[in-house]
Amino acid sequence: MTDQTVPIRSICVYCGSRPGRDPSHIEAGRALGKSIAENGLSLVYGGGTKGIMGAVASGVMSHGGKVTGIIPEFLVDMEATRHSLGELDELIVTPDMHERKHRMFERADAFVALPGGIGTLEEIVEIMTWAQLGRHRKPMVFANINGFWNPMMDLLLHMTEQGFVHTSHLVQPMLIDRVEDIVPAIRKHSVEGVSREGEKAVIDKL
Ligand SMILES: Nc1ncnc2c1ncn2[C@@H]1O[C@H](COP(=O)(O)O)[C@@H](O)[C@H]1O
């Protein structure tokens, strides 16, 4: 891991392995996949072919984009079908979760968290902890579809107010409401290294 801003070629998307209850979350997954493909970027994701993970991947593939799935062996039959995995441009099967997360980090130039569950939360929070420790400066986005991440933002602000978030200038995830604004915001962040109009830097307000 290095501390530098990199040109954006690939985006890692963390999201639910299930569809959730709000249909707009699945729609957002498909729309983000389409946007990634139409912007000439590739998708790095956890290889799941179900839920929102599957929607993002099919959104990229159906618009001609490239998809890399990175999945631990023990999850293949739980989160994917072997047939669907065969349709990905690149499939990396790792021995464990730890290697999966590292490979996803290394292959991605930016990170987006769509709505998801505990796995999604764990993954984006780990990326934030690495940023906090100065291990990378890759853009991080919370895709706030229908306000999904508002409780997370409240928690981050609460932790900051209580004096537990250190080096907050290193941890500036963007909170973006509309899927179509995500890729442009990441590109702008990459060029300028700061969050700008249309983005809400979460922690630097305090
Ligand atoms: N501890 C974990 N580390 C990395 N990835 C994880 C972990 N637990 C679950 N995951 C994966 O995250 C996605 C999404 O999970 P949801 O719980 O549906 O949000 C999935 O691939 C999990 O395997």
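Residues numbered from 1 in each chain as written. Predicted model: local features only at pLDDT ≥ 70, side-chain atom pairs only at ≥ 80, totals over all residues. Heavy atoms only, no water.

Caption draft 1: Highlighting the site of the ligand. Near the ligand you find 16 residues, and of these Ser-17, Glu-79, Gly-117, Gly-119 and Thr-120 are the closest. Within the side chain of Glu-79, an N or O atom sits 2.6 Å from an oxygen atom of the ligand. Between the ligand and Glu-123, the relevant distance is 3.1 Å, taken from an oxygen atom to a side-chain nitrogen or oxygen of the residue. Against a free-state accessible area of 490 Å², the protein chains account for coverage of 80% of the ligand. Counting residues per element, the ones that place at least two in the shell around the ligand are helix 5 (97-107) and helix 6 (118-132). At five residues, the largest contribution of residues to the shell around the ligand is made by helix 6. Class assignment of the residues belonging to the shell around the ligand gives a composition of five nonpolar, six polar and five charged. (Near = heavy atom within 4 Å. Polar contact = N/O pair within 3.5 Å; in protein donor to acceptor, adjacent residues only side chain to side chain. Areas by Shrake-Rupley, 256 points an atom, 1.4 Å probe, with all protein chains shown as cover. Helix = DSSP H or I, 4+ residues; strand = E, 2+ residues; numbered from the N terminus. Nonpolar A, V, L, I, M, F, W, Y, C, P; charged D, E, K, R; others polar.)

Caption draft 2: Here's a closer look at the pairing of strand 3 (residues 67-72). Of all six residues in strand 3, six are buried; the element is thus mostly enclosed. Side chains Val-67, Gly-69 and Ile-71 of strand 3 all project onto a buried face; the interleaved residues Thr-68, Ile-70 and Pro-72 project onto the opposite face, where all are buried too. Direction of pairing for strand 2 (residues 42-45) relative to strand 3: parallel, over a ladder of three bridges. Paired with Tyr-45 across the two strands is Gly-69, which belongs to strand 3. (Buried < 20%, exposed > 50% of the residue type's maximum accessible area, 1.4 Å probe, protein only. Pairing = 2+ DSSP bridges.)

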